[in-house]
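Observations on the model geometry
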Amino acid sequence: MADARTEAAETAPDPAAIAVGVAERPAIDAPDTALWKTEIGVLPHTPAAILRWAVFAIVLLLLPQVLGPYWLSQINYVLIYTLAGMGLQILLGYTGQISIAHAAFMGIGAYACAYFERLGMDFPLAFLAAAFLTGAVGAAIAGPARRVSGLSLLVASMAFNFIVQQAIERWTPVTGGDNGLSLLDLDLFGLPIKGIGAHYYLYLGVVAVSLWVAFNILRSPLGRAMNAVRDSEVAARSMGVDIARIKTIAFGLSAFFGAFAGALYAHQITFISPDQFGLQLSLDLIVMLVVGGAGSLAGIVLGAIFLVVVPELLDYVLALFSSTGEPPGARPILEGGLLIIVMLFEPWGLYGLWLRLKRRLFTRRRAGAPAAGGGHAA
Amino acid sequence: MLLEVADLAVHFGGVKAVDGVSFAVEAGEVFSIIGPNGAGKTTIFNLISRIYDPSAGRIAFKGEDITALPAHLAAQRGIGRTFQNVELFAGGSVLKNLLLGCEVHRRTSFVEDMLFLPRVRRQELAFRARVEEVIELLDLGRYRHAMVGGLPYGLRKVVELGRALAMQPDLLLLDEPSSGLNSRDTEIMADWIQEIRRRRPVTMIVVEHDMNLVAAVSDRVLALEAGRVLAQGTAAAVQADPQVIRAYLGE
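Criteria and cut-off values
- Residues numbered from 1 in each chain as written.
- Chains lettered and ligands numbered in written order.
- Predicted model: local features only at pLDDT ≥ 70, side-chain atom pairs only at ≥ 80, totals over all residues.
- Helix = DSSP H or I, 4+ residues; strand = E, 2+ residues; numbered from the N terminus.
- Rg over C-alpha atoms; globule rule 2.2 N^0.38 Å.
- Buried ≥ 20, exposed ≤ 12 C-beta atoms within 10 Å, placed from the backbone.
- Contact = placed C-beta atoms within 7 Å.
- Core = buried A, V, L, I, M, F, W, Y, C linked by C-beta atoms within 7 Å.
- Pairing = 2+ DSSP bridges.
- Axes fitted to C-alpha atoms, helices over the stretch in contact; angles between N-to-C directions.
- Right-handed = clockwise from strand over helix to strand, strands pointing away.
- Nonpolar A, V, L, I, M, F, W, Y, C, P; charged D, E, K, R; others polar.
- Parallel < 35°, antiparallel > 145°, perpendicular 65-115°, else oblique.
- Left-handed = near helix turned anticlockwise from the far one by under 90°.
- pLDDT = per-residue confidence, 0-100.
- Expected span 1.5 Å × (residues − 1).

So, about the overall build of chain B. Looking only at helices and strands, chain B has 10 helices and 10 strands in total. Radius of gyration (C-alpha) of chain B: 19 Å, near the 18 Å computed for a compact globule of 251 residues. Overall, the C-alpha framework of chain B stretches about 65 × 40 × 30 Å when taken along its three principal axes. Counting only residues that meet the buried cut, chain B has 49% of its 251 residues in that class. Within chain B, contacts between residues at least 6 apart in sequence are counted, and of these 66% link residues at least 24 apart.

Laid out in structure tokens, this is it:
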């Protein structure tokens, strides 16, 4: 129903109407709709930024030509974790709901996609169907999840993760139970996606679109309402935010993108079993968000890199120190130690570190330039 | 009458926080509620803005019974408010906080938001224009992109007032606009309230301790003690009421 208020909200602002009463101090407050458009835009608008992004895009597109299959497959895992982390970020970072059930959503998505493909669906269709199904599950559990918060939500979500894992294990006709399920070969509308490089391009595309959506959420009323729920529910309600609606959307979207990650993960390792979607993965994803930089999209990517690279690094280091095999317990101690060090020195995570680094370089080159801040605004 | 409150009561356990309060506020009026700590002033706000459910009584807004309406719908009907202890969204800029005030005017669905369709873009620009008016009115231009968490307390109170104004409410509930402010900032706050009144067709209910501010801005005053109405009338009449004097100064 298009009422008068809709009309008012949608017609472009009349600069003259805004300027009424501004005459005394026009220099500060003259409306600048061009600037507003730039500020809500997503594309880079300075030549330097456009150049940076173009170089970045070319590097990403050339990676399969440069990297060997091993490192490229590691990059694929970075992309998958980025996707998973983004889904979790919508719930945890944007909306402030501490849930450790994200592995369950990934599991539902992975199994649903595999199952749908076995039924004869094309991959794109199975992929989307799995995501919508998982999203519906997420939205449905928002009902009970809305009744609890904080630690109770944490425990309840943990229980949900256990239940899903058990269900996958017991529902043998669909999931293969403990024997697991192997994935069919990927093809995109008849075009076979064979080899790590082809997988990489597919994942990159999904991640790019998903990050764009995550960014859109942040700059739209939806993201503001989510942040409002996170920061003060009572104020959010008084501003007209329907808390139940926002939490349902947050759980649903989080599960939706979790399913994306799960389905791609399944295709990356080509074999799935219930133990892959346990609490360990849920916890890893939370660690990833915190280490990467709570609240920022760039931090998720950094966190995903951390999650993939650190075990590699430890392999390398431990091999240097011991010729007779790994000393027992060395790996968890080193991993834990590294985490503690990152958190101690940079509570804003790797993204915070990057911002600080950039600021230092930036101010050295241009003395007196304003400090680049606000990177954590989520 | 814009707002009619009849025999409103709320009990927390055995405590009668609000006990049979009735009053009515006319459109365009500035109506103040005064009283000692614990008299039930903020509780009345929480009842009107539908954060609390009353145990008894009735609240009507623009002729509609809103006694059982959810809080977010009360906001959408045109009731805006501020909080005694400032409930801003600390992680966001001033601009973002003010834009949240436009939530009640949102016409886009979450799917449109996620895809940032042209309709969302147009709506964002219209919201921005609305918010810029508030920024101009409250002289917040310098702080537009500042993080709210880093602003001094007095300024945060002004931002919160701005966020409520961005809702373009028909009824604005101001919960102790002067609390935590020094006398100079309190005077500034009184000026803002007068200015808003001159520029916008908004009705206000103000809960306040500072009698100078009350006298400066109010058309009518309601004095409360222990959840009950002591006196109602013009600021001067209420201040002169023997019962009010006794409640404020003791026997």
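The subject of this paragraph is the overall build of chain A. Helices and strands together make up the secondary structure of chain A, namely 18 helices and four strands. Per-residue burial over chain A gives 38% buried out of 378 residues. For chain A, the proportion of contacts with a sequence separation of at least 24, taken over those separated by at least 6, is 74%.

It is worth spelling out the nonpolar core at this point. By size, the foremost hydrophobic cluster in this structure holds 161 residues, and its most contacted members are A:Leu83, A:Cys113 and A:Ala259. Ignoring any residue separated from it by four or fewer positions in sequence, one finds A:Cys113 in contact with A:Ala126, A:Phe127, A:Ala130, A:Ala263 and A:Ala266.

Bringing the sheet that holds strand S7 (residues 171-175) of chain B into the picture now. Residues and elements named next belong to chain B. Reading across from one edge, S6-S7-S8-S3-S9-S10 is the order of the six strands in this open sheet, with mixed pairing throughout. A single partner strand is all that each edge strand has here, and the edge strands are strand S6 (79-81) and strand S10 (228-233). The average angle at which neighbouring strand axes cross in this sheet is 20°, direction not considered. As judged from the five bridges shared by strand S9 (residues 220-225) and S10, these two strands associate in the antiparallel manner. Looking at S10, one finds that Val221 is bridged to Gly233.

A word on the sheet that holds strand S2 (residues 15-25) of chain B. Residue and element names in this part refer to chain B. The sheet built from four strands is open, its strands ordered S2-S1-S4-S5 with antiparallel pairing. On the outer flanks of this sheet lie S2 and strand S5 (64-65), each paired with one strand and no other. Sheet topology places strand S4 (residues 56-61) next to S5; two bridges connect them, and they run antiparallel. Its bridge partner lying in S5, Ala60 is registered against Asp65. Packing of helix H1 (residues 41-48) onto the sheet brings it into contact with strand S1 (3-12), S2 and S4, and relative to S2 it is tilted by some 65°.

Glancing now at the pairing of S7(B). Residue and element names in this part refer to chain B. Counting buried residues along S7, five of its five residues qualify, which places the element largely inside the surrounding structure. Along S7, one buried face is formed by Leu171, Leu173 and Asp175 and the opposite face, lined by Leu172 and Leu174, is buried too. Relative to S7, S6 is paired through three bridges, and the arrangement is parallel. Looking across to S7, one finds that Gly80 is bridged to Leu172. Looking at chain direction, S7 and strand S8 (residues 203-207) are connected through five bridges and run parallel. If you follow Leu172 over to S8, its bridge partner there is Met204. For the crossover from S7 across helix H7 (residues 183-199) to S8, the handedness is right-handed.

Take the interface of chain B and chain A next. Listed as interface residues are 45 residues of chain B and, on the opposing side, 41 residues of chain A. Residue assignment for the side of chain B that touches chain A shows that the elements contributing at least two residues are helix H2 (71-77), helix H3 (94-100), helix H4 (110-115) and helix H5 (118-137) of chain B. A per-element tally of the side of chain B that touches chain A places H5(B) first, with 13 residues. Within the side of chain B that touches chain A, the residues separate by chemical class into 20 nonpolar, 11 polar and 14 charged.

With that settled, the discussion passes to the packing of helix H7 (residues 102-118) of chain A against helix H15 (residues 279-293) of chain A. Residues and elements named next belong to chain A. Closest axis-to-axis distance for the H7/H15 pair is 7 Å, and the angle between their directions is 115°. Between H7, through His102, Ala103 and Met106, and H15, the contact on the second element is made entirely by Leu279, Leu281, Ser282 and Leu285. Per-class residue counts for the contact of H7 with H15 are five nonpolar, two polar and no charged.

Bringing the packing of helix H6 (residues 69-94) of chain A against helix H11 (residues 195-219) of chain A into the picture now. All names here are of chain A. At a closest axis distance of 10 Å, the pairing of H6 and H11 adopts a crossing angle of 20°. In terms of orientation, H6 lies roughly parallel with respect to H11. Once H6 is placed against H11, the crossing between them reads as left-handed. Residue-level contacts link Pro69, Leu72, Ser73, Ile75, Asn76, Leu79, Ile80, Thr82, Leu83, Met86, Ile90 and Tyr94 of H6 to Ile196, Gly197, His199, Tyr200, Tyr203, Leu204, Val206, Val207, Ser210, Leu211, Ala214 and Ile217 of H11. Looking at side-chain class alone, the contact of H6 with H11 contains 18 nonpolar, six polar and no charged residues.

Before going further, it helps to examine unusual backbone geometry. Residue and element names in this part refer to chain B. With a phi angle near 60°, Val86 is a residue other than glycine that sits in the positive phi range. One non-glycine residue with positive phi stands out, namely Ala226, at about 50°. With respect to the helices and strands, Ala226 occurs in the loop between S9 and S10. Since 16 C-beta atoms lie within 10 Å of it, Ala226 is described here as partly exposed.

For the rest of this paragraph, the subject is the environment of A:Ile341. By the element assignment, A:Ile341 lies in helix H17 (residues 330-345). Considered as a pair, A:Ile341 and A:Ser220 are 121 residues apart in the sequence and their alpha carbons are 36 Å apart.

A few words now on H1(B). Residue and element names in this part refer to chain B. Within H1, eight of the eight residues are buried, which leaves the element mostly enclosed by the surrounding structure. Residues of H1 that are buried include every one of Lys41, Thr42, Thr43, Ile44, Phe45, Asn46, Leu47 and Ile48, and no others. Positive phi appears at Arg50, one or two residues downstream of H1, with a value of about 70°.

Residues and elements named next belong to chain A. On average, residues of chain A score 84 in pLDDT, and 86% of them are at 70 or above. Per-element averaging of pLDDT across chain A places helix H2 (residues 15-19) at the bottom with 38 and helix H14 (residues 243-269) at the top with 96. Note that pLDDT drops below 50 for residues 1-29; the model gives that stretch 34 contacts with residues more than four away or on any other chain. Here residues 367-378 is a poorly scored stretch, pLDDT under 50, and it has 25 contacts once near neighbours within four places are set aside; other chains count.

A word on helix H6 (residues 153-166) of chain B. All names here are of chain B. Over its 14 residues, H6 extends 20 Å from the first C-alpha to the last, a length consistent with the 20 Å expected when each residue adds 1.5 Å. Counting buried positions over the 14 residues of H6 gives 11, a clear majority of the element. In the core, the buried residues of H6 are packed alongside S6, H3, H5, S7 and H7. Directly after H6, the chain includes Gln168, whose backbone phi takes a positive value near 50°.

Once that is clear, we can look at the environment of B:Lys96. Residue and element names in this part refer to chain B. Take Lys96: it is sitting in helix H3. Of the residues examined, Lys96 has 24 C-beta atoms within 10 Å and is grouped as buried. Separated by 48 residues in sequence, Lys96 and Arg144 place their C-alpha atoms 8.8 Å apart.

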